[in-house]
Amino acid sequence: MTKIALLGAGGKMGVRLATNLKGSRFTVDHVEVSAEGRTRLKDAIGADCVSEDEALAEAEVIVLAVPDRLIGKIAHSIIARVRPGAALIVLDAAAPYAGEMPVRADVTYFVTHPCHPSVFPQNVKDGERDHFGGVSDPQAIVCALIQGPEADYALCEEVARTIYTPVNRAHRCTLENIAVMEPAMSETVGATLCLALREATDEAVRRGVPEAAAMDFMLGHIQIELAIAFNIFKEGKFSDGALHAIREARPLIFKENWLQAVFSPEAVMASVKDICNPREAA
């Protein structure tokens with residue numbers, strides 16, 4: 001059985017991963033530095049933690065379930081104790097893309113990240129939606145082999161499928177592909193626009209629209225507008241009035257050349273470096 005060291009096992013993400021690894025074909029050593037995290041893990045799956053040295057001594061795969069900004073720092077702190085030929089899996093592309101990972105030619109580096117369940121779910125069980133993923137709703141994942149033998153890709157993808165289960169698709173990408181998708185596409189653009197939608201809804205409420213009506217109206221319209229924009233609702237199209245409103249609104253809301261400003265290689269690199277070494281808020 002493949003031995004995994006799960007670092008950060010008692011954090012919110014770590015517990016999610018530990019829960020999905022429980023009962024799998026993998027043997028897991030859980031590592032958590034905080035007493036609160038160790039208690040959280042014990043309450044969730046009944047697992048005890050071991051020391052970092054003990055976990056790393058026999059680990060064939062090391063999973064870093066730690067905050068993005070700590071990935072590079074923790075990787076540097078453990079790399080001398082990682083066995084030759086082991087695979088180090090990180091859950092975000094920022095640190096490796098920014099060059100924050102330690103140099104170690106005999107260790108495999110692999111990055112994987114969940115896509116989260118689609119806003120247009122398929123084959124979802126009855127009951128409450130699993131918005132984050134890794135519990136009940138199927139999700140896709142993205143994976144990249146950063147360095148190491150090609151033969152290690154299959155093992156690392158299997159680990160990724162296990163920690164993010166249920167997984168319906170695993171997309172093999174490059175490290176740069178994943179950095180473009182996050183932060184540039186999904187956070188810089190996607191999350192910002194989602195908050196703008198909420199701000200617009202709140203503004204409608206401030207101007208006298210009943211809150212429940214505004215919420216239903218916005219969330220319903222988002223669903224059909226996304227379905228049209230992403231060609232999910234193939235026979236759907238925006239009305240003439242909507243197309244006119246879009247043409248008039250774009251120069252008011254978006255700067256010229258905003259895509260280049262967000263997606264250029266220089267912009268993506270600056271963004272990931274800021275994630276790894278965040279500037280102090282003004």
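For the structure, see preceding data.
### Thoughts on the pairing of strand β4 (residues 87-90)
Here comes step 1: Residue alternation in β4 divides its side chains into two sets, A87 and I89 and L88 and V90, and both sets are buried.
Here comes step 2: Bridge analysis of strand β3 (residues 61-64) against β4 gives 4 bridges, and the strand direction is parallel. When the sheet's bridge partners are listed, V61 is paired in β4 with A87.
Here comes step 3: As a crossover connection, the stretch from β3 through helix α4 (residues 71-78) into β4 is right-handed.
Here comes step 4: Relative to strand β5 (residues 108-114), β4 is paired through 4 bridges, and the arrangement is parallel.

### Let's talk about the nonpolar core
Here comes step 1: Membership of the largest hydrophobic core comes to 38 residues, with the highest contact counts inside it found for I62, L64, I78, L88 and M101.
Here comes step 2: Broken down by element, this core gets its largest block of residues, 5 residues, from helix α7 (residues 175-206).
Here comes step 3: Listed in part, the 29 residues of the second largest apolar core include L6, A47, L91 and I163.

### Some details on the sheet that holds β3
Here comes step 1: Spatial strand order, β2-β1-β3-β4-β5-β6-β7: 7 strands in an open sheet with mixed pairing. Unpaired on one side and paired on the other, β2 (27-31) and β7 (167-172) mark the two borders of the sheet. Across this sheet, the average inter-strand angle for adjacent strands is 25 degrees, counted without regard to direction.
Here comes step 2: α4 contacts β1 (3-7), β3 and β4 of the sheet and is inclined by roughly 145 degrees relative to β3.
Here comes step 3: Strands β5 and β6 (139-147) of the sheet are contacted by α7, whose axis makes an angle of about 135 degrees with β6.

### Quick notes on helix α8 (residues 211-229)
Because the α-helix completes a turn every 3.6 residues, residues three or four places apart line up on one side.
Here comes step 1: Between the first and last C-alpha of α8 there are 26 Å, a value that for 19 residues agrees with the 27 Å anticipated at 1.5 Å per step.
Here comes step 2: Taken residue by residue, α8 has A214, A227 and I228 as its buried positions.
Here comes step 3: Against α7 lie the buried residues of α8.
Here comes step 4: Immediately beyond the C-terminal end of α8, within one or two residues, lies N231, with a positive phi of roughly 60 degrees.

### Some details on the environment of V103
Here comes step 1: Take V103: it is sitting in the loop between α5 (94-97) and β5.
Here comes step 2: For the pair V103 and L175, spaced 72 residues apart in sequence, the C-alpha separation works out to 16 Å.

### Remarks on the side chain of K3
Here comes step 1: With respect to the helices and strands, K3 occurs in strand β1.
Here comes step 2: K3 gets classed as buried once you look at its relative accessible area, which sits at 15%.
Here comes step 3: In this structure the side chain of K3 is engaged in a polar contact, spanning 3.4 Å, whose partner is the side chain of D29.
Here comes step 4: Side chain to side chain, K3 and E58 meet in a polar contact 3.1 Å long.
Here comes step 5: Sequence-distant contacts of K3, defined by excluding residues within four places in its chain, comprise T27, D29, E58, A59, E60 and V61.

### Describing α7
Here comes step 1: Relative to the 46 Å expected for 32 residues at 1.5 Å per residue, α7 spans 44 Å between its end C-alpha atoms, a close match to the ideal helical length.
Here comes step 2: Remark: the principal bend of α7, roughly 35 degrees, maps to S186.
Here comes step 3: What α7 keeps buried is the set L175, I178, A179, E182, P183, A184, V189 and T201.
Here comes step 4: Check the buried side of α7 and you find it contacts α5, β5, β6, α8, α10 (258-263) and α11 (265-276).
Here comes step 5: Looking one or two residues beyond α7, the residue adopting positive phi is G208, at roughly 110 degrees.

### Let's talk about the packing of aromatic side chains
A ring pair, where both rings are aromatic, is described by two values, the distance of the centres and the angle of the planes.
Here comes step 1: What the rule picks out here adds up to 2 aromatic pairs.
Here comes step 2: Aromatic pair F254 and W258: ring centres 5.1 Å apart, planes at 25 degrees, arrangement stacked.
Here comes step 3: Classification of F254 by relative accessible area gives partly exposed; the value is 26%.
Here comes step 4: Look at W258 and you get partly exposed, because its relative accessible area is 23%.
Here comes step 5: Over the ring of Y153 we find R172, and its NZ or CZ is 4.0 Å from the ring centre.

Conventions adopted
- The numbers attached to residues start from 1 for each chain and follow its sequence in the written order.
- Given that this is a predicted model, residues contribute local features only at a pLDDT of at least 70 and side-chain atom pairs are listed and counted only at 80 or more, while totals for whole chains, interfaces and linings are drawn from all residues.
- In computing side-chain values, all of the structure's heavy atoms are included and hydrogens and water are not.
- Three labels apply to residues, based on accessible area from a 1.4 Å probe with only protein chains included: buried if under 20% of the type maximum, exposed if over 50%, partly exposed otherwise in between.
- Only runs of H or I of at least four residues qualify as helices and only runs of E of at least two qualify as strands under DSSP, and these elements are numbered from the N terminus.
- Pairing between two strands is assigned when DSSP locates at least 2 bridges connecting them.
- Crossovers are marked right-handed if the path from the first strand over the helix to the second runs clockwise, as seen with the strands pointing away from the viewer.
- Working definition of a nonpolar core: buried Ala, Val, Leu, Ile, Met, Phe, Trp, Tyr and Cys residues. They are joined through side-chain atoms within 4.5 Å.
- Interaxial angles span 0 to 180 degrees and are taken between N-to-C directions of axes, which are lines fitted to C-alpha atoms, for helices over the stretch in contact.
- Only heavy atoms enter the contact rule, under which two residues are in contact if any of them lie within 4.5 Å.
- In a helix, the anticipated span is given by 1.5 Å times the number of residues less one.
- Here a polar contact is recorded for every N or O atom pair within 3.5 Å, except that within protein the pair must consist of a potential hydrogen donor and a potential acceptor, and residues adjacent in sequence are included only if both atoms are side-chain atoms.
- For a residue, the bend is simply the angle between two axes, fitted respectively to the seven-residue segment ending there and the seven-residue segment starting there.
- Any pair of Phe, Tyr and Trp rings, taking the six-membered ring for Trp, is counted once the centres come within 6.5 Å. Such a pair is stacked with planes under 30 degrees apart, edge-to-face with planes over 60 apart, and tilted for the rest.
- Counted as over-ring charges are cases with an Arg CZ or a Lys NZ within 6 Å of the ring centre that also lie within 35 degrees of the ring normal.

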